[in-house]
Amino acid sequence: MNYKIVADSSADKINITHIPTASAPLKIITNEREFIDDDSLNADEMVAYLKNYSGKSSTACPGVNDWLISFGESENIFCITISSNLSGSFNSACLAASEYETQHPNRNVFVIDSLSTGGEMQLIIEKLEELILSGISFDEICKQITEYQKTTGLLFMLQSLKNLANNGRVSHAVAKISGILGIRVIGLASDEGRLDITDKSRGDKKALASIIERMKTAGCKNGKIRISHCQNDVFAQTLKAEFEKEFGTRDIKICKTGGLCSFYAESGGIIIGFEK
Ligand code: X90
């Protein structure tokens, strides 16, 4: 029985090595250019280009065919998507899964709505690898990963909500506050997989205090933490050091946001997946 874990590119990074993986790319689209969120994308160049671009910009989820390509020829597939309340990615993955299972009656695809993105998807992927390697059955893995999802969370800190508002993912009224210089908007992925904004803090120091407080309240202890940052390595490193002190956890990884999360988190943005 062979296994494969596939995720859309909003996961930012896939940290596992023992099970084959694939990423289904989202796209970032302007009137002049189209960016495919795969390994060849230079996200920093894209962010720099978008800074000087004043026209319309949007994103598109992977199509059914993109998902089918990522499945390849594997027998047992776990497929993780960005929140179905933010994107059509889950929907198109489900369509691809049923097409795949019809074509290959002996193969299985389990599609997981992360109700989140970034680091929380990384944690789900890592847990899946662990469960597969433990040798339990496909059905048992499905059960256990669904339970695991209840024990993970996601927090974000953004310095601009412009692209989120322009694409209808937060209200323009909420986005306005983030336009004020020095303001960092902090929030959590809600249980329904939407952006739940909880704090507006001025400056990194206050933002740091709000982040720690929110993570404590959310139930973060000494489990794994996965941080993605958009052009903000300095603050990501500060967070890592503070999390180590505050929660005593040593398993913290930092990566750069991929194309999709760079587009929405924008320069300075931070996304944190954590275990409760
Ligand atoms: O299908 C598409 O075009 C993709 C749409 C994605 C929209 C939002 C992505 C947000 C990514 C922002 C902070 C994380 C919030 C997660 C809450 C569940 C980054």
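Quantities reported herein were computed from a predicted structural model and do not represent experimental measurements.

## A closer look at the overall build of the chain
Here is step 1: Broken down by element type, the chain carries ten helices and 13 strands.
Here is step 2: In summary, the chain has a C-alpha radius of gyration of 18 Å against a globular reference of 19 Å for 276 residues, a match within 12%.
Here is step 3: Here the C-alpha coordinates of the chain stretch approximately 55 × 45 × 30 Å along the principal axes.
Here is step 4: For the chain, the residues scored as buried account for 53% of the 276 residues in total.
Here is step 5: Just so you have it, the chain exposes about 12,600 Å², and 49% of that area is on carbon and sulfur atoms.
Here is step 6: Measuring between centres, the 30 positive side-chain charges of the chain sit 8 Å from its 35 negative side-chain charges.

## Brief notes about the site of the ligand
Here is step 1: The environment of the ligand is formed by 19 residues, the closest being Thr59, Cys61, Leu86, Ser87 and Arg169.
Here is step 2: Interatomic distance of 2.6 Å between a side-chain N/O atom of Thr59 and an oxygen atom of the ligand.
Here is step 3: One nitrogen or oxygen atom from the side chain of Ser87 is found 2.7 Å from an oxygen atom belonging to the ligand.
Here is step 4: Contact with the protein chains hides 99% of the accessible area of the ligand, taken as 560 Å² for the molecule alone.
Here is step 5: Where the shell around the ligand is concerned, the elements lending two or more residues are strand E5 (57-60) and strand E8 (152-158).
Here is step 6: Grouping the amino acids of the shell around the ligand by side-chain chemistry returns twelve nonpolar, six polar and one charged.

## Things to note about the packing of aromatic side chains
Here is step 1: Per the stated rule, a full pass over the model turns up nine aromatic pairs.
Here is step 2: Pairing Tyr49 with Tyr53 gives two aromatic rings, centres 5.5 Å apart and planes at 25 degrees, and the pair type is stacked. The two residues Tyr49 and Tyr53 agree in class, both being buried.
Here is step 3: Aromatic pair Phe71 and Tyr100: ring centres 5.3 Å apart, planes at 75 degrees, arrangement edge-to-face. Within this pair, whereas Phe71 is found in helix H2 (residues 64-71), its partner Tyr100 is found in helix H3 (residues 89-103), the two being separated by 29 residues in sequence. Pair check on accessibility: Phe71 and Tyr100 agree, each one buried.
Here is step 4: Through a chain of ring-to-ring contacts, three or more aromatic side chains come together here, namely Tyr3, Phe78, Phe110 and Phe138.

## What about the pairing of strand E7 (residues 108-113)?
Here is step 1: Across six bridges, strand E6 (residues 76-81) lies against E7 in parallel orientation. Bridge pairing in E7 links Phe78 to Phe110.
Here is step 2: Since E6 and E7 lie parallel, the crossover through H3 that links them has a hand, and here it is right-handed.

## Section: the environment of Leu161
Here is step 1: Within the secondary structure layout, Leu161 lies in the loop between E8 and helix H6 (162-166).
Here is step 2: For Leu161, a relative accessible area of 0% gives the class buried.
Here is step 3: In sequence terms Leu161 and Asn108 are 53 residues apart; their C-alpha atoms lie 39 Å from each other.
Here is step 4: What Leu161 contacts, discounting residues up to four positions off in sequence, is Val170, Val174, Ala175, Ser178, Val185, Ile197 and Glu266.

Conventions and cut-offs
- Throughout this description, residue numbers start from 1 for each chain and increase along the sequence as written.
- Residue-level local features of this predicted model are given only where pLDDT is at least 70; pairs of side-chain atoms are given and counted only at 80 or more, and the full residue set underlies all totals for whole chains, interfaces and linings.
- Excluding hydrogens and water, the side-chain values take into account all heavy atoms of the structure.
- Secondary structure elements follow DSSP: runs of H or I no shorter than four residues count as helices, runs of E no shorter than two count as strands, and numbering proceeds from the N terminus.
- For a compact globule the rule gives 2.2 Å times the number of residues to the power 0.38, and the radius of gyration it is set against comes from C-alpha atoms.
- Throughout, exposure labels follow a simple rule: accessible area from a 1.4 Å probe, protein chains only, divided by the maximum for the residue type, with under 20% read as buried, over 50% as exposed, and the rest as partly exposed.
- Throughout, the Shrake-Rupley method with a 1.4 Å probe supplies accessible areas, and for residues the shown protein chains are the sole cover considered.
- Counted as positive: Lys and Arg. Counted as negative: Asp and Glu. His and the chain ends are not counted at all.
- Charge positions come from single atoms, namely NZ of Lys, CZ of Arg, CG of Asp or CD of Glu.
- We define proximity as follows: a residue is near a molecule or strand when any one of its heavy atoms falls within 4 Å of that partner.
- N or O atoms within 3.5 Å of each other form a polar contact, as long as, within protein, one can give a hydrogen and the other can take it, and as long as residues adjacent in sequence are counted only when both atoms are side-chain atoms.
- Classification used: nonpolar for Ala, Val, Leu, Ile, Met, Phe, Trp, Tyr, Cys and Pro, charged for Asp, Glu, Lys and Arg, polar for all others including Gly.
- Stacked, edge-to-face and tilted are the three classes for Phe, Tyr and Trp ring pairs, Trp counted by its six-membered ring, which pair at centre distances within 6.5 Å; planes under 30 degrees apart are stacked, over 60 edge-to-face, the rest tilted.
- By this definition, two strands are paired if DSSP reports at least two bridges between them.
- Here is how to tell: hold the view so the strands point away, follow the path from the first strand over the helix to the second, and if it runs clockwise the crossover is right-handed.
- By definition, residues are in contact when any of their heavy atoms lie within 4.5 Å.

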